[in-house]
Each structure stands twice: as structure tokens, then as C-alpha cells.
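# What the coordinates show
Residue-level listing of the chains:
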Amino acid sequence: MAGLCDLYLEAAKAGRVTTRFGAAKRPSTLLNDESRIRRHIRPLIGKQRVSELTRQVVQRMADDISAGRTATIEKTKPRGLARVKGGGVVATRVVELLGGIWTWGERRGYCSGQSPIRGVEKIKAAAKDRVLSSGELKQLGDEMARQQAKRPLVVVALKIIALTGARRQEIVGLRWSEIDEANSCLRLAQTKTGKSMRPLGNAALDLIKKLPRIKGCDFVFPNVKLKGSADYKKAFSEIFSASRLSEVSSHDLRRTYASKAAEMGFSDSTISEMIGHARRGVTQIHYVHLPDARLVAAADAVSEVILNHLHGKEADVILLRPKNIG
């Protein structure tokens, strides 16, 4: 089984394994895949022959992961530790990855027959519905104000996420070439759903315009070496903790943005376009169109409301929606 996993990872790193949206796997996804293979699949079924891999074998692997058999603490950097967790949700992710590896291998003749994950019991993660209240947004805004001088780029990146509903990696990995100020939008070359156009409200656009630009670096939020993008996951977590907000992540800001848009009366289709949910249709998939006035007006209204809450203004902006806004 280890050999098939190695072939899969090699192909994935070369961009020859695509997601269900037809895009190459992102570096962060590859790291997750590699981690699940190294920390769970290899220790439990790495020595298993592909021809001997059955549903029963995979089920035992899933049960062992659920029971915490592969849980451990690993030393990473000189001062870093990685806590490898087990549990039902982790087991489900590993089983799903194994299914993807099998499908990829079966199509290329490395294995044959029915997928061994078929019929394996899996635990679905509970649907997350964490949405920040206006009071919690103020707590976050207050903490960002306190940390502005110490970590300005981190704070701005987190604010942009809150004001756009974008995913963390979409903003921390943002390139200057993806910013279309003239049309008030972001033209993201690679996201979870492929190419994506996102309308920008004035509140978010103003923050972007004020950011410093480093000569020779196309990343808006570069890493220390200026050769790639920053990560900020740990930095965001520290800000949330300092804000005394429990169990909050940057993705909860995305959910809060969408929730606020729904409260303001925008349609599901408009909200989906604003936050870049998967879309269907040849035109939508293959072309990144210009944002129309409807989307820009919607993004502007929602971002203003979120900004008000971050600044501690309790009253929402009352949106008197013209007929052409969804």
C-alpha cells in the first residue's frame, strides 16, 4: 500500500491529481494528504499488499484511528510540536483520502476491483454553524486595534477576511496581480473551486489600497523570505484567543459574512457569488466575468455593516435595496 501512496503523492505534487473542481491540489491540501499517509495509513496498513486490501482491513484501520492508536506528539522545528490527533472525524478524512488514492490508482492500472472503502463506517463531522455576534465582532475589532502596531499585516489580512467572507488561504495567498481596483473585485487564479471573481466593498478595497507593496514581490502578504505568501494561521489563532473568543477560526468570519448578508435580505445566489461557492454552467466555470453593480453594491453594504460591528457601532446599516440587487 505504501508504494501506491508514494505514486499518488508524486503525481499530486507534479499537478497530475486534480480536485473534483478540476484544479490541481493546493500546497496546503498536499501537506494534509502527506500527513495523513505518513501518520495514519503507513503505520497501520503501509505493509499491506494492494491486492489484499479489503473493506475489513480498511474498517480496522478506521477503528484504530478512531480509538486514538495513531495519536502522538511529534517534534517538528527546534521549538515546534505537532499534536497528531485521532478520533472519528480524522478516521473519516483518512478513509476518504484512501478512497481517492484507490480511484486514482485503479484508473492507471495500479490496482483493480471495487474500492475497499465502500461500505466502511464513517463518522461525519458535525455541521459547523459558528457565527459571531455583533458583540463578539466588537471584541475582535478591539483586539485587532490593540495589535495593529505590533503585527499590522496580520491584522489587515484578518480584517479583509471579515469584510469579504473569503477563505484564509485566498487572502494570505493573495497576489497584487489578482486585485482589480477599477472593477472593485478580486480575480483569484486558484481557489478551492478553481478561478473565482469576488466583488469588493469599499471597506475592504480601502484597506487593500493602503497596503505597502514590496518591489519584486507579487504577494500582498509575503512570508519572511519574500519568496512566497505568509500563512498567519497561528497569528490569527492568537488574536482570537486574546479576544477571548472561544472556538473561533477565520472560517467563522466567512460564515458570519454570509449570515449577515442573509439577514440583510440578499438571495442565496447573490451570497454564493459574493463568497465564491462552487458554481455550475460552462460560462461561469470557464470565464471570470466582471462583477455587476448588483454584486458590488451587495458586497459594499455587507462589508460596511461588518466594519461597523468591528468598530463597536451597534446599529446595522439599513439597506434599502433597489430592485436590481439580489
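The residue numbering used here restarts from 1 in each chain and proceeds along that chain's sequence as written. pLDDT decides what is reported in this predicted model: residues at 70 or higher carry local features, side-chain atom pairs at 80 or more are listed and counted, and totals for whole chains, interfaces and linings draw on all residues regardless. Calculated side-chain values reflect all of the structure's heavy atoms, with hydrogen atoms and water omitted.

## Regarding the overall build of the protein chain
Of regular secondary structure, the protein chain possesses 13 helices and five strands. Relative accessible area decides the class of each residue, using a 1.4 Å probe on protein chains only: under 20% of the type maximum gives buried, over 50% gives exposed, and in between gives partly exposed. Relative to its 326 residues, the protein chain shows a buried fraction of 45%. Taking the contacts inside the protein chain whose residues are at least 6 apart along the sequence as the reference set, 68% of them involve residues at least 24 apart. Surface accessibility of the protein chain: about 17900 Å² in total, with carbon and sulfur atoms responsible for 49%. Strands here mean DSSP runs of E at least two residues long; helices mean DSSP runs of H or I at least four residues long; both are numbered from the N terminus. Residue contacts are defined here by distance: any two heavy atoms, one from each residue, within 4.5 Å place the two residues in contact. What sets the accessible areas is the Shrake-Rupley method with a 1.4 Å probe; for residues, cover comes only from the shown protein chains.

## Focus: the packing of helix H5 (residues 134-147) against helix H9 (residues 233-242)
When two helices pack together, their arrangement is given by the angle between the helix axes and the distance between those axes. In the contact formed by H5 and H9, the axes pass within 9 Å of each other and the chain directions differ by 120°. One way to sum up the angle between H5 and H9 is to call them oblique. In the packing of H5 onto H9, the handedness of the crossing is right-handed. Every residue of H9 that contacts H5 at Leu 140, Glu 143, Met 144 and Gln 147 is listed here: Ile 239, Phe 240 and Ala 242. In terms of residue class, the contact of H5 with H9 is made up of five nonpolar, one polar and one charged. Axes here refer to lines fitted to C-alpha atoms; in helices the fit is confined to the stretch in contact. Angles between the N-to-C directions go from 0 to 180 degrees. Geometric relationships in this document are graded by angle, where less than 35 degrees denotes roughly parallel, more than 145 denotes roughly antiparallel, 65 to 115 denotes roughly perpendicular, and other angles denote oblique. In this scheme the handedness of a crossing depends on how the near helix is turned from the far one: anticlockwise by less than a right angle means left-handed, clockwise means right-handed. Classification convention: Asp, Glu, Lys, Arg as charged; Ala, Val, Leu, Ile, Met, Phe, Trp, Tyr, Cys, Pro as nonpolar; all other residues, Gly among them, as polar.

## Considerations on the packing of aromatic side chains
Stacked, edge-to-face and tilted are the three classes for Phe, Tyr and Trp ring pairs, Trp counted by its six-membered ring, which pair at centre distances within 6.5 Å; planes under 30 degrees apart are stacked, over 60 edge-to-face, the rest tilted. Throughout the structure, instances matching the rule amount to four aromatic pairs. Both rings, one in Phe 221 and one in Tyr 232, keep their centres 6.1 Å apart while their planes meet at 70°; by these two values the pair is edge-to-face. Highlighted residues: Phe 221 in the loop between helix H8 (202-209) and H9 and Tyr 232 in the loop between H8 and H9, separated in sequence by eleven residues. The buried category is assigned to Tyr 232, whose relative accessible area is 15%. Site record: aromatic cluster; members linked through ring pairs are Tyr 8, Trp 104 and Tyr 110.

## Some points on helix H1 (residues 2-13)
With twelve residues, H1 extends 16 Å from end C-alpha to end C-alpha; this agrees with the ideal 16 Å at 1.5 Å per step. All of the buried residues in H1 are Ala 2, Leu 4, Cys 5, Tyr 8, Leu 9, Ala 11 and Ala 12. Gly 15 sits one or two residues past H1 and shows a positive phi near 80°. Here a helix's expected span is defined as the number of its residues, less one, multiplied by 1.5 Å.

## Concerning the pattern of salt bridges
Any Lys or Arg side-chain nitrogen located within 4 Å of an Asp or Glu carboxyl oxygen qualifies as a salt bridge. This model, assessed by the stated rule, comprises 17 salt bridges. Notably, a salt bridge pairs Arg 255 with Asp 252, separated by 2.5 Å at the nearest N-O pair. Separated by three residues within a single helix, Arg 255 and Asp 252 lie in helix H10 (residues 250-263), roughly one turn from each other. Taking relative accessible area as the criterion, Asp 252 reaches 5% and is therefore assigned buried. Within the structure, one salt-bridge network assembled from shared partners comprises Arg 167, Glu 170 and Arg 198.

## With respect to the pairing of strand S4 (residues 185-191)
Judged from the two bridges that link them, strand S3 (residues 179-180) and S4 form a sheet pairing that is antiparallel. Looking at S4, one finds that Asp 180 is bridged to Cys 185. Strands pair, by our definition, only if DSSP identifies at least two bridges between them. Where S3 folds back onto S4 in an antiparallel hairpin, the turn is made up of four residues, including Ser 184, whose phi is positive at roughly 50°. Counted along the chain from S4 to the antiparallel partner strand S5 (residues 194-199), the turn is two residues long.

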